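Close look at the chain arrangement
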Amino acid sequence: LSLALTLTALSGCQNGASSSSSQGEEPIDLASVTDPYLTTAGLSGDTVVARAGGADITAGSLLYWMAYLVDSSIQDPSSMDTVWELDMGNGQTFEQGVLDASLNNAALYALLPIQAQAEGISVSPDLSQQVSNLMTSMETEAGSAELLDHSLWYNALTRDLYTTLFEVNDLNSQLQEKLYGEGSAGYPTDDQVRSFAEGQGYYRAKHILLKTVDTNSPLTDENGNPTGEYAPLDVATVAEKKALAEDLLAQLQAAGDKEALFDQLMAQYSEDTASDGSLNGADGYVASPGQMVASFEEAAQALSDGEVSGIVESVYGYHIILRLPLDPADFRSGYIAQQMTDLRQGWLDANPVETTEAFAQVDRDTPKDIPLTSFSILMARYKGFLEDAVRGVAAIDRLQDGDRVLIAEGCTHHRQCEDIGTVKIPRWLGEYTGKNLELEHSSGRDFPEDLSPYQLVIHCGGCMLNGREMDYRRKTAADAGVPFTNYGITIAHLKGILKRSVELFPDLYALLP
């Protein structure tokens, strides 16, 4: 909760006794705490703070979502004192935006079981045992049931709320499959999916790149930060590249089967390669607006499917681009996610949230200056790949220019302007490594079968995937010799708090320098 709960103490308290916070508050005797929400916000976790339709929204649920949203929004915890009054550009401050979004999320999690029941859907019969097994395992790792409770509190969770989150995610997955899964009446057609993707500005293209710069020599500013440009090659070499580009273009313009010849020339001449020499984008890049350099994007979007561009110049060199048709399979999960988003918004519209008097107390009493950790580390433990994720994240420090990194999500969702997988992690990776990485994305069922071209896979927490699917993805990476980690571990590593984030697991803590 922004609340990570005055119990920042929890991450350092290994005996269940009292501890004091870095902000100088009175020490809390953790052994006397039975309800972390009551202790920190003055409300018991089961206090009804709002209602949506026939569903109650509790203080525990609302405070958890506040924690979740702040955690995913604040890049630098030291800035929290100043961020709350920031104007979000829609007449709201950041503080009010967090409260409203948290209330909506809590409302959706309260409404979803009702909607699932109306469709004849109930929690999967084996889920209760899965969560019970996880709790038992986590207690062993923590050292006691008491210390596990303290760690959950630190993440704005209790055992009951932790279980509820898994149950609602399970219901959501089943509901999506029933309404939009293959064989259902709502399963989208290729035309529907293609229209959706084009409306989002997606396009697909491959290119022949002849570099006019040395991408192993990035230029930096006076503070040593990469500028996004590279040391140029000598004039004679650049002239040779330009002449070669003109010759390749002439061949393509005269060809009957342009795509077949394009593939041959690309394999022979293109310098868009990974560190192992393999060709990047051999099957074409699927890109969204703003993902590629501007000159490439403008040229690619101006082409029709099957059309070849002229010579396009960018900071990397000379490109010849072939526009390719979008594959509906790449976007079907995204289309379904949008349908689910619209469906859930319909629930909120039909069941407006009404707050109780207790809601005002949450706004009034929740501290705003306590850093947070991530729930996704516990999710990785639940899915059985936390150790792999901790070991795999070290690959970030070995990445080089041109290396390919796959950022994968188990589900699909409507992309926000600061989406964690497609915006924040790519930005943080670039800032941390200073390298020009080739970042690719997959979501839903679009996880690649062959991971050998990648130097790293960064996966989401996998809350919408079952254990078997998550294990398959991890094993696919292991079989290809590709390091595999997850969002939470990656962010903790990039922000320098990984050791603190895995203190709950002594064996993993010992792996880190």
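Let me sum up the structure you'll find in this document. (Residues numbered from 1 in each chain as written. Predicted model: local features only at pLDDT ≥ 70, side-chain atom pairs only at ≥ 80, totals over all residues. Heavy atoms only, no water.)

1. Let's talk about the pairing of strand β9 (residues 308-313)
Two strands pair when backbone bridges link them, and β9 and strand β10 (residues 317-324) are joined in this way by four bridges, in the antiparallel orientation. Counted as the bridge partner of V308 is L322 from β10. What sits between β9 and β10 in their antiparallel hairpin is a turn of three residues. (Pairing = 2+ DSSP bridges. Helix = DSSP H or I, 4+ residues; strand = E, 2+ residues; numbered from the N terminus.)

2. Description of the packing of aromatic side chains
Each aromatic ring pair is specified by the distance between its two centres and by the angle formed by the two planes. The final tally for this structure, using the stated rule, is eight aromatic pairs. Between W65 and Y68, the ring centres sit 5.1 Å apart and the planes meet at 70 degrees, which makes this aromatic pair edge-to-face. Of this pair, W65 and Y68 both sit in helix α3 (residues 59-73), separated by three residues, roughly a single helical turn. Residue class for Y68 comes out partly exposed when judged on its relative accessible area of 40%. Feature note: the residues Y64, W65, Y68 and Y109 constitute an aromatic cluster, connected by ring pairs. Between R404 and the ring centre of Y454, over which it is positioned, the NZ or CZ distance is 4.9 Å. (Phe/Tyr/Trp six-rings, centres within 6.5 Å; stacked < 30°, edge-to-face > 60°. Buried < 20%, exposed > 50% of the residue type's maximum accessible area, 1.4 Å probe, protein only. Lys NZ or Arg CZ within 6 Å of the ring centre and 35° of its normal.)

3. Topic: the side chain of K211
Inspection of the secondary structure assignment puts K211 in strand β5 (residues 203-211). Comment: no salt bridge for buried K211; closest opposite-charge side chain is D272, at 6.5 Å. Polar side-chain contacts of K211 include one of 2.9 Å to the side chain of T215. Non-local contacts of K211, meaning those with residues more than four positions away in its chain, are made with L233, K241, E271, Y316 and G317. (Lys, Arg positive; Asp, Glu negative; His and termini not counted. Salt bridge = Lys/Arg side-chain N within 4 Å of Asp/Glu carboxyl O. Polar contact = N/O pair within 3.5 Å; in protein donor to acceptor, adjacent residues only side chain to side chain. Contact = heavy atoms within 4.5 Å.)

4. Re the pattern of salt bridges
Opposite charge on two side chains permits them to pair, given that their charged atoms come into close proximity. Inspection of the entire model under this criterion finds 14 salt bridges. The partner of D191 in a salt bridge is R194, with the nearest N and O atoms 3.3 Å apart. Taken as a pair, D191 and R194 lie in helix α9 (residues 190-199) at a separation of three residues, close to a single helical turn. Overall, R194 belongs to the partly exposed group, its relative accessible area being 28%. With a closest N to O distance of 3.4 Å, R474 and D388 form a salt bridge. Placement of the pair is R474 in helix α18 (residues 467-479) and D388 in helix α16 (residues 386-392), with a sequence separation of 86 residues. Within the structure, one salt-bridge network assembled from shared partners comprises E139, D149 and R159.

5. Notes on the nonpolar core
Within the largest apolar cluster, 47 residues are counted, with the highest numbers of intra-cluster contacts made by V49, I57, Y64, L157 and Y162. Here the element with the most residues in this core is helix α5 (residues 94-118); it accounts for nine residues. (Core = buried A, V, L, I, M, F, W, Y, C linked by side-chain atoms within 4.5 Å.)

6. Some thoughts on the sheet that holds strand β4 (residues 55-58)
Read across the sheet, three strands follow the order β4-β3-β11 without closing on themselves; strand pairing throughout is antiparallel. Every other strand in the sheet has two partners, leaving β4 and β11 (353-355) as the edge strands with one partner each. Recorded for the sheet is a direction-independent mean angle of 30 degrees between the axes of neighbouring strands. Sheet topology note: the strand β3 (residues 48-52)/β4 ladder contains four bridges and is antiparallel. Bridge pairing in β4 places V48 opposite T58. (Axes fitted to C-alpha atoms, helices over the stretch in contact; angles between N-to-C directions.)

7. Some remarks on the side chain of R474
Look at R474 and you get buried, because its relative accessible area is 19%. Not counting the four nearest positions on each side in its chain, R474 is found in contact with F385, D388 and F484.

8. As for helix α12 (residues 294-302)
Among all positions of α12, only F296, E297, A299 and A300 are buried. At its buried positions, α12 is contacted by β5, β9 and β10.

9. Re the sheet that holds strand β8 (residues 285-287)
Read across the sheet, four strands follow the order β8-β5-β10-β9 without closing on themselves; strand pairing throughout is antiparallel. Unpaired on one side and paired on the other, β8 and β9 mark the two borders of the sheet. Strand-to-strand, the axes of this sheet are offset by a mean angle of 35 degrees, without reference to chain direction. Across three bridges, the pairing between β5 and β8 is antiparallel.

10. Here's the deal with helix α11 (residues 258-269)
One turn of an α-helix holds 3.6 residues; hence residues three or four places apart share an orientation. In a regular helix each residue adds 1.5 Å, so twelve residues correspond to 16 Å; α11 covers 16 Å between its end C-alpha atoms and thus fits that length. When we look at burial in α11, the residues that qualify are L261, F262, L265 and M266. Relative to the axis of α11, the buried residues are bounded by an arc of 135 degrees and lie together on one face. Pointing more than 90 degrees away from the buried face of α11 are the exposed residues Q264, A267 and Q268. (Expected span 1.5 Å × (residues − 1). Arc of directions from axis to C-beta.)

11. Looking at the pairing of strand β12 (residues 404-409)
With respect to burial, β12 is a largely interior element, six of its six residues being buried. The alternating pattern of β12 places R404, L406 and A408 on one face and V405, I407 and E409 on the opposite face, and all of these are buried. Where β12 meets strand β13 (residues 438-443), six bridges bridge the pair, whose relative direction is parallel. Counterpart to R404 in the pairing with β13 is E438.

12. Some details on the packing of helix α6 (residues 127-142) against helix α7 (residues 145-154)
With their axes 8 Å apart at the nearest point, α6 and α7 run at an angle of 100 degrees to one another. Comparing the axis directions of α6 and α7 gives the class roughly perpendicular. Contacts between α6 and α7 involve M135, M138, E139 and A142 from the first element and A145, L147 and L148 from the second. Each residue belonging to the contact of α6 with α7 can be placed in one class, and the counts come to six nonpolar, no polar and one charged. (Parallel < 35°, antiparallel > 145°, perpendicular 65-115°, else oblique. Nonpolar A, V, L, I, M, F, W, Y, C, P; charged D, E, K, R; others polar.)

13. Here we look at the environment of E438
Among the secondary structure elements, E438 is positioned in strand β13. As a C-alpha pair, E438 and Y454 span 16 residues in sequence and 9.3 Å in three-dimensional space. Look past the residues within four positions of E438 in its chain and what remains in contact with it is D272, N280, Y285, G402, D403, R404 and V405.

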